[in-house]
Amino acid sequence: IKANTIETSVAVLNNTNYKITVIPEGDRIVTANRNSPIIALNGADNVTIDGLSFTENNRLTIRNTAGASAIQIFGAAANNLIRRCTLEASGINNSIIVISTDNSGNAENNTIEDNYLRPVSSNGVGRGIFIGTNSPSVTGRINNTLIKNN
């Protein structure tokens, strides 16, 4: 990410056979005012979003000022890593990060580590990280999720 951006639509990464790494060049902020996530990993595998540092010159903030998450990992998304980012969202019924799945497959081996999670405003946010499914009939489909130091 080479510049600050204001997103008007969801950045969706679908199923892929590639390894994708997203890092900031400089101190960058990705902002949206959307009722949907800014970034959606929809069955995407092997995606790394690395903010690199909280104290150096390369930092990444992902901020959703409307009532939705900053990042959603959905479906059969596997082997994804979200680390060292500042992630912000708003709304007492919302989460900053959502990991969910349906009948499309298992969400496995996703890692959320060393992020700074916070609400956009003093109104707060309901949850930092939400892990769940879209249906009570879909159980046991989110496996080996590592969440640490957030």
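The notes below deal with the structure included here. (Residues numbered from 1 in each chain as written. Predicted model: local features only at pLDDT ≥ 70, side-chain atom pairs only at ≥ 80, totals over all residues. Heavy atoms only, no water.)

### Observations regarding the overall build of the protein chain
Here is the rule we go by: Helix and strand definitions follow DSSP, with helices as H or I runs of at least four residues and strands as E runs of at least two, each counted in order from the N terminus. Radius of gyration: C-alpha atoms only; globule rule: 2.2 Å multiplied by the number of residues to the exponent 0.38. Should any heavy atoms of two residues lie within 4.5 Å, those residues are considered in contact. Here the Shrake-Rupley method, with its probe set to 1.4 Å, supplies the accessible areas, and only the displayed protein chains count as covering residues.
The number of helices and strands found in the protein chain is zero helices and 17 strands. By the compact-globule yardstick of 15 Å for 150 residues, the protein chain fits well, its C-alpha radius of gyration being 14 Å. C-alpha extents for the protein chain along the principal axes are approximately 45 × 35 × 30 Å. Pairs at least 24 apart in sequence give 85% of the contacts found in the protein chain among residues at least 6 apart. With an accessible surface of roughly 7,500 Å², the protein chain has 45% of that area assigned to carbon and sulfur atoms.

### Quick look at the sheet that holds strand β10 (residues 86-89)
Rule in force here: Pairing between two strands requires that DSSP report at least two bridges joining them. Simply put, an axis is a line fit to the C-alpha atoms, just over the touching stretch for a helix, and the angle between two N-to-C directions goes from 0 to 180 degrees.
One open sheet holds the five strands; their spatial order is β1-β4-β7-β10-β14, and the pairing between them is parallel. Looking along the sheet, the strands with just one partner apiece sit at the ends: β1 (5-7) and β14 (116-119). Across the sheet, the mean angle from the axis of one strand to that of its neighbour is 15°, orientation sign disregarded.

### Some remarks on the environment of asparagine 17
The condition that has to hold: Think of it in three bands: with a 1.4 Å probe and only protein chains considered, a residue is buried below 20% of the maximum accessible area for its type, exposed above 50%, and partly exposed in between.
Topologically, asparagine 17 is positioned in the loop between β2 (11-13) and β3 (20-22). According to the relative accessible area criterion, asparagine 17 is exposed, its value standing at 80%. For the pair asparagine 17 and alanine 3, spaced 14 residues apart in sequence, the C-alpha separation works out to 27 Å.

### A closer look at the sheet that holds β2
Taking strand neighbours across the sheet as the criterion, the five strands line up as β2-β5-β8-β11-β15 in an open arrangement whose pairing is parallel. Each edge of the open sheet carries a strand with a single partner, namely β2 and β15 (125-133). Between one strand and the next, the sheet's axes are offset by a mean angle of 20°, whatever the strand orientation. Examined bridge by bridge, strand β11 (residues 91-101) and β15 share seven bridges and lie parallel to one another. Bridging from a neighbouring strand, threonine 101 pairs with threonine 133 of β15.

### Some remarks on the nonpolar core
Rules: Side-chain atoms within 4.5 Å are what join buried Ala, Val, Leu, Ile, Met, Phe, Trp, Tyr and Cys residues into a set we call a nonpolar core.
If you look at the biggest cluster of nonpolar residues, it comprises 22 residues, and the most contacted ones within it are Ile49, Ile62, Ile71, Ile73, Ile82 and Leu87. Those elements giving two or more residues to this core turn out to be β4 (27-32), β5 (39-42), β6 (47-50), β7 (59-64), β8 (71-74), β10 and β11. Element by element, the count of residues in this core is highest for β11, at three residues. Apart from residues no more than four positions distant in its own chain, isoleucine 71 is found in contact with Pro37, Ile39, Ile49, Ile62, Ile82, Leu87, Ile96, Ile97 and Val98.

### Quick notes on unusual backbone geometry
With a phi close to 60°, asparagine 46 is a non-glycine residue in the positive phi region. If you trace the backbone, asparagine 46 turns up in the loop between β5 and β6. Unlike most non-glycine residues, aspartate 114 shows phi in positive territory, near 55°.

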